[in-house]
Amino acid sequence: MDTDLPELLRSLRVWAPEATTLPGFDPAAAPDTPLPLFAAWLAEVAAAGEREPHTMSLATTDEEGHPDVRVVMLHGADDATGWSFATHADSRKGRHLAARPYAALAFYWPVLGRQVRIRGPVTTAPPEQARKDLRVRSTGALAAALTGRQSQVLGSLEELAEASEAAWERAGSAPDTEAPTWTLYRLRPAEAEFFQGDARRRHVRLRYRRTPRGWDRELLWP
């Protein structure tokens, strides 16, 4: 099938009025730390109909400094440990984080024209917390974790189907089964930026930066 990519791109709109509301954002009224604002924005975009607002882009770098990015799910966030996500330690992103334990997260919520960008050092949670994290997830999440071999070369879709069926059966019959390489990662923000889109392109960007004194806040040009 032939697609006229330039024409398709010209036809697409950003923040179409019938699908997007661009609320105002007063950075002077923002909280002193980023987590309360993130929680409020997440709740607001979910209420506005954003689908899967807890998904985020995770950017890492490999041993040679080459970047990579993929979409993962946010598992939690708190002031003590930061933003958390999980994957196999022997996956590509797990290997990246072992070599270079620093990453960036990006949330995009077009329903309200918002973005949140976070970056900072990454640590691993204790194994018992990773096991607890997996136990509270769905049967499908456990089955996927038990299927394993993430990012390895796959011989065929039939091979995947066979391994997945076995993992689903095990996850259903033994929900306490452990996935040894399943790891809970925590990103402690060094920076957090909140972006609110504006119809006249006067976008508001508020950046929090962690310092020895606490959090500094500053505005950025769009």
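Sequence order as written defines residue numbering, which begins from 1 separately in each chain. Since the coordinates come from a predicted model, pLDDT governs what is reported: local features require at least 70, and pairs of side-chain atoms require 80 or more to be given and counted, while whole-chain, interface and lining totals use all residues. With hydrogens and water set aside, each side-chain value is computed from the structure's full complement of heavy atoms.

A. Here's a closer look at the environment of aspartate 216. Secondary structure elements are taken from DSSP: a helix is a run of H or I of four residues or more, a strand is a run of E of two residues or more, and numbering for both begins at the N terminus. With respect to the helices and strands, aspartate 216 occurs in strand β10 (residues 214–220). Put simply, aspartate 216 and leucine 8 are 208 residues apart on the chain and 42 Å apart in space, counted from C-alpha to C-alpha. Once you skip the residues sitting within four places of it in the chain, aspartate 216 turns out to touch Arg207, Tyr208, Arg209 and Thr211. Any pair of N or O atoms that falls within 3.5 Å is considered a polar contact. Within protein, one atom must be able to donate a hydrogen and the other to accept it, and sequence-neighbouring residues count only if both atoms are side-chain atoms. At 2.8 Å, the side chain of aspartate 216 forms a polar contact with the side chain of arginine 213. Residues are treated as being in contact if the distance between any of their heavy atoms lies within 4.5 Å.

B. Quick look at the pattern of salt bridges. Salt-bridge detection follows one rule: a side-chain nitrogen of Lys or Arg within 4 Å of a carboxyl oxygen of Asp or Glu. Per the stated rule, a full pass over the model turns up 13 salt bridges. The salt bridge involving glutamate 7 is made with arginine 10; its shortest N-O contact spans 2.9 Å. Of this pair, glutamate 7 and arginine 10 both sit in helix α1 (residues 5–11), three residues apart, roughly one helical turn. Residue exposure (1.4 Å probe, protein chains only): buried if accessible area is under 20% of the type maximum, exposed if over 50%, otherwise partly exposed. For glutamate 7, a relative accessible area of 41% translates into the label partly exposed. Measuring nitrogen to oxygen at the nearest pair gives 3.7 Å for the salt bridge that ties aspartate 68 to arginine 70. On the basis of relative accessible area, arginine 70 is assigned to the buried category, the value being 17%. Counted as one network, the salt bridges with shared partners bring together Asp68, Arg70 and Arg92.

By themselves these figures say nothing about function.
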